[in-house]
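Summary of the model geometry
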Protein chains: 2
Amino acid sequence: MMRRIKLTIAYDGTNYRGWQIQQPTAAHPEGSVPTIQGALQRALGQLLPKEGNTIPVVGASRTDSGVHALGNVACFDTESTIPTANFPKAINRYLPADIRVMQADEVSMDFHPRFVPHEKCYEYRIDNGRVANPLTRLYAYHYTYPLDLERMRAAARELVGVHDFTSFVNPDSQVFEHGGDAVREIYSMDILEEGTQLVIRIRGNGFLYHMIRIIVGTLLVIGNGRRAPEDIRTMLVAKDRTTAGPTVPAHGLCLCALNYDAVVTAEDARDDGDAETLAQDAENV
Amino acid sequence: MMRRIKLTIAYDGTNYRGWQIQQPTAAHPEGSVPTIQGALQRALGQLLPKEGNTIPVVGASRTDSGVHALGNVACFDTESTIPTANFPKAINRYLPADIRVMQADEVSMDFHPRFVPHEKCYEYRIDNGRVANPLTRLYAYHYTYPLDLERMRAAARELVGVHDFTSFVNPDSQVFEHGGDAVREIYSMDILEEGTQLVIRIRGNGFLYHMIRIIVGTLLVIGNGRRAPEDIRTMLVAKDRTTAGPTVPAHGLCLCALNYDAVVTAEDARDDGDAETLAQDAENV
């Protein structure tokens, strides 16, 4: 009997070109560059050889090259009789140590990790020490300039809520081509101190191409005093990428959790067309 | 004019065979395997070419292969006129990203990082999650069995204070050959929870070969219910390595700080002979 299995996946993105499989060929079915999706599909193929060399895996968030995850979600369908609870251990045997299946759950056959609305939680880590800490160099962006957290928190408050985030999207985003828009809801933004590290935690219903990295880059120029917290309002109204701050590097970003049980706000209760648009944005956060 | 410079050094020990330079040869002046000391001496030689190809560096703690550091200390002597505050940036230019000089201070010519008494603070990290977190896999020991923190804390309390730690020393330790003993003082042991991670923080005046890793291994079998907290007393009295728990892996261990300004207890006020013995123990914690 066919079952749909939902996997919760953690990975160190350092050695991967992002989630999404690239240019698959007959010789390199997982694509010519290492990707998380490619590694997972190959591992499943090794675990379940009767079902093919690689088994298609549908991911929730197509994280960008170098981005980490603690709780990305992906699904695959299988006729195997392996008990669901045994999948993490069984799949991990075929995965490199920098990718781990943390959990497996059986879901209904109509569950789709992108189209079913869910809350996304990301964290961006900044090493604000004078010298880069070598133990966090792969997981935090080293930014040496002084930061005023209260200015950053005031700016963050301006971003929380439902807004058109056009100014905070990489112009290469495909969302507009598909008739979509950049209106999203940010539920909360918290800026936490952990020693010399700063953690910016963002929860929302959908993030566009590079949106979080542009938001963080903007908070940094505000925290550093080169822009004012109130400038966020002007940026939002301008709908022009050049008004916001720079895009910070990928390696500070981590997809922490996707919560499918979260309370669905009015903004989330969209029709299928919008769900499709939301899904397309998931690419290259 | 000759100056002595004290460096505070952080490193990711993953790719190194410990602190201490090994088998230096003419062809490989930094030794045939990568070591922290070797990398530092070579970097200083590149920064200060007039003073030799490599410049001798005396370290405080000869950390073992795979052990990390946030605050190891090393000294070198130089006649250069580079301002002390500029050394971190200048030296880091010649170091790989997994080794960083965090701070430089000029000290008196009779300062010696090992012989001057100092408080040592180490942390051992345990990933107690069901599946190993790929983002901490290089910095925390994955231990899946359930742990009772109160039992571990009760055991830790038995270890705090002045004790003969012979049962918690690797028998290969050279401390006894030199007429030394295993009497040391542990000032404090804290067991902290950080998500699914456990941090065991130990402060003391000196640690013997593998002592912290054996203490942690013993706390784990106690936390897991296979030994009792009170067994620590029997182990201490036995002065027999076989009575204590296993040695946990190196990669969970981090030398966090060496504090030369710490209050010196009566136990620390030893004669030079004992200071020499303490210094020898520093090897391969």
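**Thoughts on the pattern of salt bridges**
Between side chains of opposite charge, a pair can form when the charged atoms approach closely. Residues and elements named next belong to chain A. Per the stated rule, a full pass over the model turns up 25 salt bridges over all chains. A salt bridge links R125 to E123; its shortest N-O distance comes to 3.3 Å. Its relative accessible area of 22% is what places R125 among the partly exposed residues. For E194, the salt bridge goes to R125, with nearest N and O atoms at 3.2 Å. One end of the pair, E194, is in strand β8 (residues 183–194); the other, R125, is in strand β5 (residues 119–127), with 69 residues separating them in the sequence. A relative accessible area of 41% places E194 in the partly exposed class.

**Thoughts on the interface of chain B and chain A**
The interface is formed by 23 residues belonging to chain B together with 23 residues belonging to chain A. Our count for the chain B to chain A interface comes out at two salt bridges. In this structure, the salt-bridge partner of A:D12 is B:R137, at a minimum N-O distance of 3.0 Å. In this structure, the connection of chain B to chain A is made through four residue pairs in polar contact (both at pLDDT 80 or more). Breaking the side of chain B that touches chain A down by element, the ones donating at least two residues are β1 (3–11), β3 (68–78) and β4 (99–107) of chain B. Looking at the side of chain B that touches chain A, the element that brings in the most residues is β4(B), giving five residues. When grouped by side-chain class, the residues that make up the side of chain B that touches chain A number 14 nonpolar, four polar and five charged.

**Some remarks on the relation of the copies chain B and chain A**
For the pair chain B and chain A, the best superposition has an RMSD of 0.0 Å and corresponds to a rotation of 180 degrees with a translation of 0.0 Å parallel to the axis. This pairing of chains is accounted for by a two-fold axis. For chain B, the residue whose C-alpha comes nearest the rotation axis is B:T136, separated from it by 4.9 Å.

**Examining the packing of helix α3 (residues 149–159) of chain B against helix α4 (residues 211–223) of chain B**
Residues and elements named next belong to chain B. Direction vectors running N to C along α3 and α4 enclose 140 degrees, while the axes themselves pass 8 Å from each other. Accordingly, the angle class assigned to the pair α3 and α4 is oblique. Between α3 and α4 lies a crossing whose hand is right-handed. Contacts between α3 and α4 involve R151, M152, A155, A156 and L159 from the former and I215, L219, L220, I222 and G223 from the latter. Grouping the constituent residues of the contact of α3 with α4 by class yields eight nonpolar, one polar and one charged.

**Focus: the packing of aromatic side chains**
Residue and element names in this part refer to chain A. For the coordinates displayed, the defined rule picks out 14 aromatic pairs over all chains. Seen from their ring centres, F165 and F168 are 6.3 Å apart, and the 70 degrees between their planes marks the pair as edge-to-face. When sorted by exposure, F165 lands in the same class as F168, which is buried. Chaining the aromatic ring pairs together yields one cluster made of Y141, Y143 and Y145.

**Here we look at the side chain of A:E123**
With respect to the helices, strands and loops of the structure, A:E123 is situated in strand β5. Sequence-distant contacts of A:E123, defined by excluding residues within four places in its chain, comprise A:V199, A:I200, A:R201, A:G252, A:L253, A:C254 and A:C256.

**Quick notes on the environment of B:P134**
One can find B:P134 in the loop between β5 (119–127) and β6 (141–142). Beyond its immediate sequence surroundings of up to four residues, B:P134 is in contact with A:A10, A:Y11, A:D12, A:A97, A:D98, A:I99, A:R100 and A:M102.

**Let's talk about the environment of A:V237**
All names here are of chain A. Locating V237 in the fold gives a position in helix α5 (residues 231–238). For V237, a relative accessible area of 69% puts it in the exposed group. Sequence-wise, V237 and D164 are 73 residues apart; in three dimensions their C-alpha atoms are separated by 8.1 Å.

**Concerning the pairing of β3(B)**
Residues and elements named next belong to chain B. Burial analysis of β3 places nine of its eleven residues in the buried class, the great majority of the element. In the sheet, β1 pairs with β3 via eight bridges, with the strands oriented antiparallel. Within β3, the position partnered with I9 by the bridge is N72. Of the strand pairs in this sheet, strand β2 (residues 58–59) and β3 are connected by two bridges, and their pairing is antiparallel. Within the sheet, the bridge partner assigned to G59 lies in β3 and is A74. Here β3 pairs with strand β10 (residues 253–259) via two bridges, running parallel. Looking at the pairing, A69 lines up with L255 of β10.

**Side note on α4(B)**
Residue and element names in this part refer to chain B. Under the 1.5 Å per step criterion, the end-to-end length of α4 is 18 Å for 13 residues, consistent within 8% with the ideal 18 Å. Taken across its 13 residues, α4 has 13 buried, putting it largely inside the fold. Within two residues after α4, G225 carries a phi angle of roughly 90 degrees, on the positive side.

**Quick notes on unusual backbone geometry**
Working note: non-glycine residues mostly have negative phi, and peptide bonds are mostly trans. Non-glycine residue A:H210 carries a positive phi angle of around 70 degrees. Its place among the elements puts A:H210 in the loop between β9 (197–204) and α4 (211–223).

**A few points about the confidence of the model for chain A**
All names here are of chain A. With 89% of its residues at a pLDDT of 70 or more, chain A shows a mean pLDDT of 90. Confidence drops under pLDDT 50 across residues 263–281; counting only partners more than four residues distant or on other chains, this segment forms 30 contacts. Complex prediction metrics read pTM 0.89 and ipTM 0.87.

Thresholds, definitions, all that
- Residues numbered from 1 in each chain as written.
- Chains lettered and ligands numbered in written order.
- Predicted model: local features only at pLDDT ≥ 70, side-chain atom pairs only at ≥ 80, totals over all residues.
- Heavy atoms only, no water.
- Salt bridge = Lys/Arg side-chain N within 4 Å of Asp/Glu carboxyl O.
- Buried < 20%, exposed > 50% of the residue type's maximum accessible area, 1.4 Å probe, protein only.
- Helix = DSSP H or I, 4+ residues; strand = E, 2+ residues; numbered from the N terminus.
- Contact = heavy atoms within 4.5 Å.
- Polar contact = N/O pair within 3.5 Å; in protein donor to acceptor, adjacent residues only side chain to side chain.
- Nonpolar A, V, L, I, M, F, W, Y, C, P; charged D, E, K, R; others polar.
- Least-squares fit on C-alpha atoms with pLDDT ≥ 70 in both.
- Axes fitted to C-alpha atoms, helices over the stretch in contact; angles between N-to-C directions.
- Parallel < 35°, antiparallel > 145°, perpendicular 65-115°, else oblique.
- Left-handed = near helix turned anticlockwise from the far one by under 90°.
- Phe/Tyr/Trp six-rings, centres within 6.5 Å; stacked < 30°, edge-to-face > 60°.
- Pairing = 2+ DSSP bridges.
- Expected span 1.5 Å × (residues − 1).
- pLDDT = per-residue confidence, 0-100.

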